Amino acid sequence: MAGMSTDLGTPPVLSPDEAERAVLLAAPRGYCAGVDRAVITVEKALETYGAPVYVRKQIVHNKHVVQTLSDRGAVFVEELDEVPAGQTVVFSAHGVSPQVHADAAERGLKTIDATCPLVTKVHHEAKRFAADDYDILLIGHEGHEEVEGTSGEAPERIQLVQGPDDVENIVVRDPDKVAWLSQTTLSVDETLETVEAIRVRFPNLLDPPSDDICYATQNRQLAVKEISADADLVIVVGSGNSSNSVRLVEVALEAGAKASYRVDDASEMREEWLEGVDRVAVTSGASVPEDLVEGVLALLAERGYPDARAVQSAEESLIFALPPELRRDMRTAAAAAQG
């Protein structure tokens, strides 16, 4: 598992059985449009304003991405009181509450909002349901930055539901005016199970106008299902605080994989995981750079496994524009350089 040390040693001599080995590579995998936008936002902010650029929370949930940006001059902080007055701060892809925006304005901070547009959509839905005086059931994980940001849009109307076991404890003002929303990175199947449990108690439950679980989360879960059914081992590359990466391990096991583990990178692979394993499947969470996946594939190749075969389950072409406040400053800087 992630965080466990190991010594893989010298690759063994190849055996005749290795002709039956296979490595399946999920597609799509890795960076989604929201993560790509957030990472590029920090990179362009550093180019435009110079270091340091402060970032509230991890820009995305991947320790390698955070370290790379830190090496370039980004300073990651937990709260705004760690940012010197007047400095530039980037809000992470997971979104922030209105109170955080207000606190930043009060301290005179220049803000760049890298919230994923699909998270922003959920914020708008929360505000709309609250304005219509609904009690809002937010399906998600306690303490996750996205849940905290969405809850902050209507704290007096939103209550967290982490799973079916929480449903019996829900208290609402009017059982006919209840709506639900969800964190964007949850397991699709588990979320639907929770929704159905809620609907048993509240038959007139109002659905969000469109899926809250983002396209990339759904696509990566579908992709890992397709490669897991006959897999002896599924490796998910992703950090432990990445909700969508953790969910991929669960989805792989539910789909029939004999074993599945999450690793931050190839250094966390363990020798015993490969014992007696012929079919390996590999995927990665939505905040994982492709070079980390390549490292795992290289390790498997050293252990005698063949080149990976991609299994395409969906095509992704979505690209999000950079935050408008950053684009404006980039244009100004470019014009000044030309002048």
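These numbers were taken from a predicted model, which means no experiment stands behind them.

J.: Outline the packing of aromatic side chains, supporting the account with residue identities and numerical values.
T.: All chains considered together, the criterion is met by 2 aromatic pairs. The side chain of K177 reaches across the aromatic face of Y134, ending 4.8 Å from its centre.

J.: Provide a residue-level description of helix α10 (residues 324–338), including the pertinent values.
T.: In this model, α10 (15 residues) spans 21 Å end to end at C-alpha, consistent with the 21 Å of a helix rising 1.5 Å per residue. Where the residues of α10 are buried, they touch α1 (33–49) and β5 (110–113).

J.: So, the sheet that holds strand β3 (residues 74–77): which residues are in play, and what are the values?
T.: If you trace the 4 strands from one edge of the open sheet to the other, you get β3-β2-β4-β5, paired in parallel fashion. The sheet terminates laterally at β3 and β5, the two strands that pair on one side only. Here the strands of the sheet are splayed against their neighbours by 30° on average, with no regard to which way each runs. In this structure, strand β2 (residues 53–56) lies alongside strand β4 (residues 88–91), joined through 3 bridges in parallel fashion.

J.: Explain the nonpolar core residue by residue, including any values.
T.: Most often, soluble globular proteins keep nonpolar side chains buried together rather than apart. Judged by nonpolar contacts, the single largest core of 28 residues is most densely connected at V42, I59, V60 and V90. At the level of elements, α1, β2, α2 (63–71) and α4 (117–131) are the ones that each hand at least two residues to this core. Broken down by element, the residue count for this core peaks at 7 residues, all from α1. The contact partners of V42, leaving out residues within four places of it in the chain, are V55, I59, L69, A74 and V90.

J.: Can you explain the pattern of salt bridges? Please cite residues and give values.
T.: Going through the model one piece at a time under the given rule, you end up with 24 salt bridges. Across the pair K121 and D212 runs a salt bridge, and its minimum N-O distance is 3.3 Å. Of this pair, K121 sits in helix α4 while D212 sits in the loop between α6 (188–201) and α7 (215–228), placing them 91 residues apart in sequence. Via salt bridges that share partners, R56, K57, E78 and E79 belong to a single interconnected network.

J.: Which residues make up unusual backbone geometry, and what values go with them?
T.: The omega angle of the peptide bond from A27 to P28 is 10°, so this bond is cis rather than trans. With respect to the helices and strands, the residue P28 is situated in the loop between β1 (22–27) and α1. Residue P52 is reached from A51 by a cis peptide bond, and omega for that bond is 0°. Tracing the sequence through the fold places P52 in the loop between α1 and β2. With a phi close to 65°, K57 is a non-glycine residue in the positive phi region. As for its position among the elements, K57 is in the loop between β2 and α2. Residue classification places K57 among the buried positions, given a relative accessible area of 10%.

J.: Could you give an account of a negative patch on the surface, with specific residues and numbers?
T.: Together, D165, E168, E190, E193 and E254 line one region of the surface with negative charge. Along the chain, D165 turns up in the loop between β7 (158–161) and β8 (178–182).

Quick notes on the rules
Residues numbered from 1 in each chain as written. Predicted model: local features only at pLDDT ≥ 70, side-chain atom pairs only at ≥ 80, totals over all residues. Heavy atoms only, no water. Phe/Tyr/Trp six-rings, centres within 6.5 Å; stacked < 30°, edge-to-face > 60°. Lys NZ or Arg CZ within 6 Å of the ring centre and 35° of its normal. Helix = DSSP H or I, 4+ residues; strand = E, 2+ residues; numbered from the N terminus. Expected span 1.5 Å × (residues − 1). Contact = heavy atoms within 4.5 Å. Pairing = 2+ DSSP bridges. Axes fitted to C-alpha atoms, helices over the stretch in contact; angles between N-to-C directions. Core = buried A, V, L, I, M, F, W, Y, C linked by side-chain atoms within 4.5 Å. Buried < 20%, exposed > 50% of the residue type's maximum accessible area, 1.4 Å probe, protein only. Salt bridge = Lys/Arg side-chain N within 4 Å of Asp/Glu carboxyl O. Patch = residues over 30% accessible without salt bridge, like charges linked within 9 Å, V, L, I, M, F, W, Y side chains within 5 Å. Areas by Shrake-Rupley, 256 points an atom, 1.4 Å probe, with all protein chains shown as cover. Lys, Arg positive; Asp, Glu negative; His and termini not counted. Charge placed at Lys NZ, Arg CZ, Asp CG, Glu CD.

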